[in-house]
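These are the residues of each chain, in order.
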Amino acid sequence: VYRLKANLEQATSYCQLAMDYRKKLKLQKEEAYSYLTQAEIDADKRNLQDAERNAKFALQIFDKYDDMGGQIKALNVLARTARYLKQYQEAEIYLDRAIELAVKYDEYTLMAELYNVYGREQRARAEELLKTNLPENQQKIEEFLDKAYQHLEKSIQYAEETRNRWFLTRSKFELAMIHY
C-alpha cells in the first residue's frame, strides 16, 4: 500500500519488518517475496544496484522452490532494472526467460505485463540511438520501434484476453509514444 502511495521510506520499513519476521520463522519462500518487493521499491527509488541484488536473491530462492510466479516476477524486475541501467541485451535475456516460463506454465495473466516491459525496452533502445542523430542508425531505430510495436500489440492482446485494464491502457499509451 505504501509503495503505491509513493511513500517508499515507509514501504521499505514495513518490507524490512516482513523480511526479518519471515527469516526468523524460516519461511524462505515467503522471505523471497519480501526481497522481491524490496527490489521493486529500490527500483522505484532508482537505487538500481540494490534492486538488482534483491531481485537476484529472490530469484535464487524461487528457483530453489520452482516457484514459477516468483521467478517470472523477479525476472521482470531484473529486466526493468537492466533497462534503467541501459543494459538492453541483459534486459532482453531476462524477458525472454520470463516469457518462456509464462508460456510453459500457461501464465497468461503476466504476459500483458511482460510484453509491455519488452516494448518499453525496445523503445528505450530506439530513443538512445535517436540521441546520436547519426543517419547510419536510422535502420536500427526503425527495427527497434517495429519490435516495440509488435511487443506492445501482444501486450494489448493479452491484456484484452485477461481483462487487465491497467496494461491495456499502458500499452496503448506506449504505442502512442512510438508514433510521436
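A few points on the structure.

Here is what the cut-offs are and how they apply
Residues numbered from 1 in each chain as written. Predicted model: local features only at pLDDT ≥ 70, side-chain atom pairs only at ≥ 80, totals over all residues. Heavy atoms only, no water. Core = buried A, V, L, I, M, F, W, Y, C linked by side-chain atoms within 4.5 Å. Buried < 20%, exposed > 50% of the residue type's maximum accessible area, 1.4 Å probe, protein only. Helix = DSSP H or I, 4+ residues; strand = E, 2+ residues; numbered from the N terminus. Phe/Tyr/Trp six-rings, centres within 6.5 Å; stacked < 30°, edge-to-face > 60°. Lys NZ or Arg CZ within 6 Å of the ring centre and 35° of its normal. Expected span 1.5 Å × (residues − 1). Axes fitted to C-alpha atoms, helices over the stretch in contact; angles between N-to-C directions. Parallel < 35°, antiparallel > 145°, perpendicular 65-115°, else oblique. Left-handed = near helix turned anticlockwise from the far one by under 90°. Contact = heavy atoms within 4.5 Å. Nonpolar A, V, L, I, M, F, W, Y, C, P; charged D, E, K, R; others polar.

This part is about the nonpolar core. Ile72, Met111 and Leu114 are the most contacted members of the largest nonpolar core, which totals 39 residues. For this core, the elements supplying multiple residues, two or more each, are α2 (28-44), α3 (48-65), α4 (68-84), α5 (88-104), α6 (111-132), α7 (138-162) and α8 (165-178). It is α4 that provides the largest number of residues to this core, a total of seven residues.

Tallying each qualifying case throughout the model produces five aromatic pairs. Geometrically, the ring pair formed by Tyr35 and Phe57 is edge-to-face, given 4.6 Å between the ring centres and 70° between the ring planes. Pair noted here: Tyr35 is in helix α2 and Phe57 is in helix α3, with a separation of 22 residues, a long-range link. By relative accessible area, which is 15% here, Tyr35 ends up buried. Taking relative accessible area as the criterion, Phe57 reaches 33% and is therefore assigned partly exposed. Seen from their ring centres, Trp166 and Phe167 are 6.4 Å apart, and the 80° between their planes marks the pair as edge-to-face. Taking relative accessible area as the criterion, Phe167 reaches 10% and is therefore assigned buried. Each member of the aromatic cluster is reached from another via a ring pair, and the members are Tyr108, Tyr115 and Tyr158. Above the ring of Tyr84, the side-chain terminus of Arg46 is found at 3.9 Å from the ring centroid.

Bringing α5 into the picture now. For α5, with 17 residues, the first-to-last C-alpha span of 24 Å sits near the 24 Å given by 1.5 Å per residue. Three or more residues of α5 are buried, namely Tyr88, Ala91, Glu92, Tyr94, Leu95, Ala98, Ile99, Leu101 and Ala102. Positive phi shows up at Asp106, right after α5, with a value of about 55°.

Another point: the packing of α2 against α4. Close contact between α2 and α4 brings their axes to 10 Å; oriented N to C, the two are set at 20°. Compared by their axis directions, α2 and α4 come out roughly parallel. In the packing of α2 onto α4, the handedness of the crossing is left-handed. Residues Tyr33, Leu36, Ala39, Glu40 and Ala43 of α2 form the contact with α4, whose own contacting residues are Gly69, Gly70, Lys73, Ala74, Val77, Arg80, Thr81 and Tyr84. Residues of the contact of α2 with α4, tallied by class, amount to seven nonpolar, three polar and three charged.

Geometric values such as these leave the question of function open.
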